[in-house]
Amino acid sequence: MAGHGFGQDEYDVVVLGTGAAGLTAAVRAAAAGARVGLFEKADTVGGTSAWSGGTVWLPNSRHEAEAGVRDSREEVLSYLLSLSHGLMERPLVEAYADTAPEVAAWLEDNTPVVFEVLAGMSDYHPEQPGGRREGRSLECPLFPFDELGEWADRVTVGWQLTGEFCMSESSLGRRAPNGLAPEELARRKVRDERGAGQALVGRLLRGCLDRGVVPRTGCRGVRLLTGEGGVTGVLVDGPDGPFEARARGGVVLAAGGFEHDAKLVRTFLRGPLERAVSVPTNTGDALRMAMRIGADLADMREAWWVATIDVEVPGRGRVPWQVNSERTRPHSIMVNDDGARFTNEAANYNALGNAFHVVDVARFAYVNHPAWLLLDHHFASRYGLAGFRPPAPVPGWLTTAATIGELAERIGVPAGALQATVDRWNAHAAAGNDPDFHRGESHHDRAWGDPAFGYTPQATIGPLDTPPFYATRVRCGALGTKGGPRTDANGRVLDVDGAVIGGLYAAGNAMGSIMGMTYGGHGGTLGPGLVFGYLAGGHAAERAAREMP
Ligand SMILES: Cc1cc2nc3c(=O)[nH]c(=O)nc-3n(C[C@H](O)[C@H](O)[C@H](O)COP(=O)(O)OP(=O)(O)OC[C@H]3O[C@@H](n4cnc5c(N)ncnc54)[C@H](O)[C@@H]3O)c2cc1C
C-alpha cells in the first residue's frame, strides 16, 4: 500500500479508455515489451468506437496502392492543409501523413486487424487539391466474436448498430442496399460475426488480449499523479475503491471527448451541440485531468459535427439518430423555420455543422438551428429512415401531411415560403441540378446517394412531389468533441509554455485534434485516433524501456 492508503499497481504504460485509440496505444506498447495497464470507466469496453461504422481514414496505405490508387505524402498534405483555415499545425499533419501507412501495415502485421478499401467511398472534399475519390478509407472485414471468448459479451453495442447492422460491413449500403439475405444473416450468426466498429474493436481487443493486456472495467481515471520528470501514474476509482496505477513510461489519455458534459460544451464549443451520439461516459475526464496539471489545449471549439433527429425506440424512449442517408438520398431536403433551404443537404455531416451555426446578426438568432428534414412518399417508401425499412409502417413520430401547405401549418413554418421552396427545388430537380446550394456537384454527395443511380447528381437530387409528406426536427449533434490537450508529433502532451509534460500522452478524441475544422474522409476520426494511439503507445513504451525519470 502507498503512504496515503491507496493500493498501488505498477505498470510501464497506463492507458485510460478502451476505444480504438486506447486499444491501439495498448497493443502497440505491449508489442514493444511494455507491461500495460488498460482501464475503462464503463462496465463494457470499446467506447464509441464499438458503436461506430469502424471506417478508418488512413491515406497512402498499401491497400490503396493495391487498389490501383496513386497517392503520396505530398498529396495527403496538400489535401489536408487546403482545408486548414489556419487551424492545423503542419508538423502534426506531417506526422499523420507519415505514420498513417505505417499504422495500417503494423496493425495487420502484429494484430488480428485486417483492412480492406471501403469501395466507392471518397474523401469528404474530393475536389480539393490532393483529394481522392476512393482508396483512403479502410474498413475491417467481419470478425467472429467467438474468438473473444468471455469478452464477446463485454464489448458495448450501440443501439444504432444492433441486430443486422451489428453484423454488417460499413460498406454494405453500397454492396447490398436492401440488406442481407436471410441465409447470409443466419451464416453470420453461427460464429457471431460482426462488422463495422464491432469488427475493428473486436480485432484490436483480441490483439490486446493476445499480448496479455486485459482491460479492467469499471475503473475511472480521476487524477494524474506527478513527480519529478512529470506524470508518474494515475489515481483510478475502481469497483473496490481507489487505487494508484503507477506508470514508469507514461499515461496515455484515450478517454474520449467532453461532449456529454454540458458545462464543458458550453465553455468551449463555438456553437450549439444539442445531441451527442457517443457513449455517455465521455464526460471530459481526460481534459480535466490534463488541465489540472497545466496542459495547453488545442482545437477546443470544434467537434465532429453531425445532423441528428430524435427517434422513438421501444424501451429506450427518444434517442438521437444521426441523419446521413436521410438527407443525402433523393426526395428529401432540409429547411429552416423560415421555410427556406439553407445548405447543401448532402454535404458531409461535419461540414454541415457550419450551416447550423450561422447567426443572423439582425435577428441575433441561429436561423438554421434547429432545422427541419422534409421527405415525400417516394423517399419513405423506397429508403425508409432511422432504421425503419419499408414495408414497415412509417414511424409515428414523423409529422405527416397530405400537402406541403398542411405540413407547413403543422410544423409552424410560413406556408407560402415553404411551398415556394419546394416548387423551386422540384424545378431544379427536374433539371437535375441545384444552382442554389450545389448539391450533387461533388463526387462526395453522389457517393452518399442512392447507389441505383451510380455517381450521378440524380443519386442525391429528386423532387418532393408525392404525398404524403413528412417532417421532423433536425438538431446539430456530434460524434464527439475534438478538443483536448495539445500534443507534439509523438502524442506527448505540452504544457501552457510549450514544454513536454514528461510521461503524459493523449490520443483519439481526448487529444487536441490535428484536424482543425475538417473531416478528411470516411473514417476521419478513427484514423487519427489509431495514428496517435500508435505513436503515443510506442513512445511511452520506449520511455519506460529507457527508464527515464
Ligand atoms: C454511429 C456512429 C458511427 C460512427 N462511424 C465512424 C466511422 O465509421 N469512422 C470514424 O472515423 N468515426 C466514426 N464515428 C466516430 C467515432 O466512433 C469516434 O470519434 C471514435 O470512436 C472516438 O474514439 P476514441 O477512442 O477517442 O473514444 P471512444 O471510442 O469513445 O472511447 C473512449 C473510452 O474512454 C472511456 N473513458 C471515459 N472516461 C474515462 C476515464 N476517466 N477513465 C477510463 N476510461 C474512460 C469511455 O468510457 C470510452 O469507452 C462514429 C460514431 C458513431 C456514434
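Residues numbered from 1 in each chain as written. Predicted model: local features only at pLDDT ≥ 70, side-chain atom pairs only at ≥ 80, totals over all residues. Heavy atoms only, no water.

Quick word on the overall build of the chain
Regarding its fold elements, the chain presents 18 helices and 23 strands. The globule rule puts the C-alpha radius of gyration for 549 residues at 24 Å, and the 23 Å found for the chain is close to it. In terms of overall dimensions, the chain has a C-alpha envelope of 75 × 60 × 50 Å along the principal axes. Taking all contacts inside the chain whose residues are at least 6 apart in sequence as the whole, residues at least 24 apart take part in 74%. For the chain, the accessible area works out to roughly 20,000 Å², and carbon and sulfur atoms hold 51% of it. Separation between the mean location of the 52 positive side-chain charges and that of the 65 negative ones in the chain comes to 1 Å. (Helix = DSSP H or I, 4+ residues; strand = E, 2+ residues; numbered from the N terminus. Rg over C-alpha atoms; globule rule 2.2 N^0.38 Å. Contact = heavy atoms within 4.5 Å. Areas by Shrake-Rupley, 256 points an atom, 1.4 Å probe, with all protein chains shown as cover. Lys, Arg positive; Asp, Glu negative; His and termini not counted. Charge placed at Lys NZ, Arg CZ, Asp CG, Glu CD.)

Side note on a nonpolar patch on the surface
On the surface, a nonpolar cluster with roughly 450 Å² of combined accessible area is contributed by Val359, Val361, Phe364 and Tyr366. By secondary structure assignment, the location of Phe364 is in the loop between β16 (359-360) and β17 (365-366). (Patch = residues over 30% accessible without salt bridge, like charges linked within 9 Å, V, L, I, M, F, W, Y side chains within 5 Å. Salt bridge = Lys/Arg side-chain N within 4 Å of Asp/Glu carboxyl O.)

Structural notes on the nonpolar core
Membership of the largest hydrophobic core comes to 101 residues, with the highest contact counts inside it found for Leu58 and Phe115. Not counting the four nearest positions on each side in its chain, Leu58 is found in contact with Tyr96, Ala100, Ala104, Phe115, Arg136, Leu138, Gly527, Leu530 and Val531. Counting 40 residues, the second-largest nonpolar core is a separate cluster that includes Leu269, Trp305, Trp321 and Phe356. (Core = buried A, V, L, I, M, F, W, Y, C linked by side-chain atoms within 4.5 Å. Buried < 20%, exposed > 50% of the residue type's maximum accessible area, 1.4 Å probe, protein only.)

A word on the pairing of strand β10 (residues 241-253)
The pairing of strand β1 (residues 7-16) with β10 spans nine bridges and is parallel. By the bridge assignment, Tyr11 is partnered in β10 with Ala247. Strand direction decides the pairing type here: strand β9 (residues 230-238) and β10, joined by six bridges, are antiparallel. In the strand pairing of β10, Val234 is matched with Ala245. (Pairing = 2+ DSSP bridges.)

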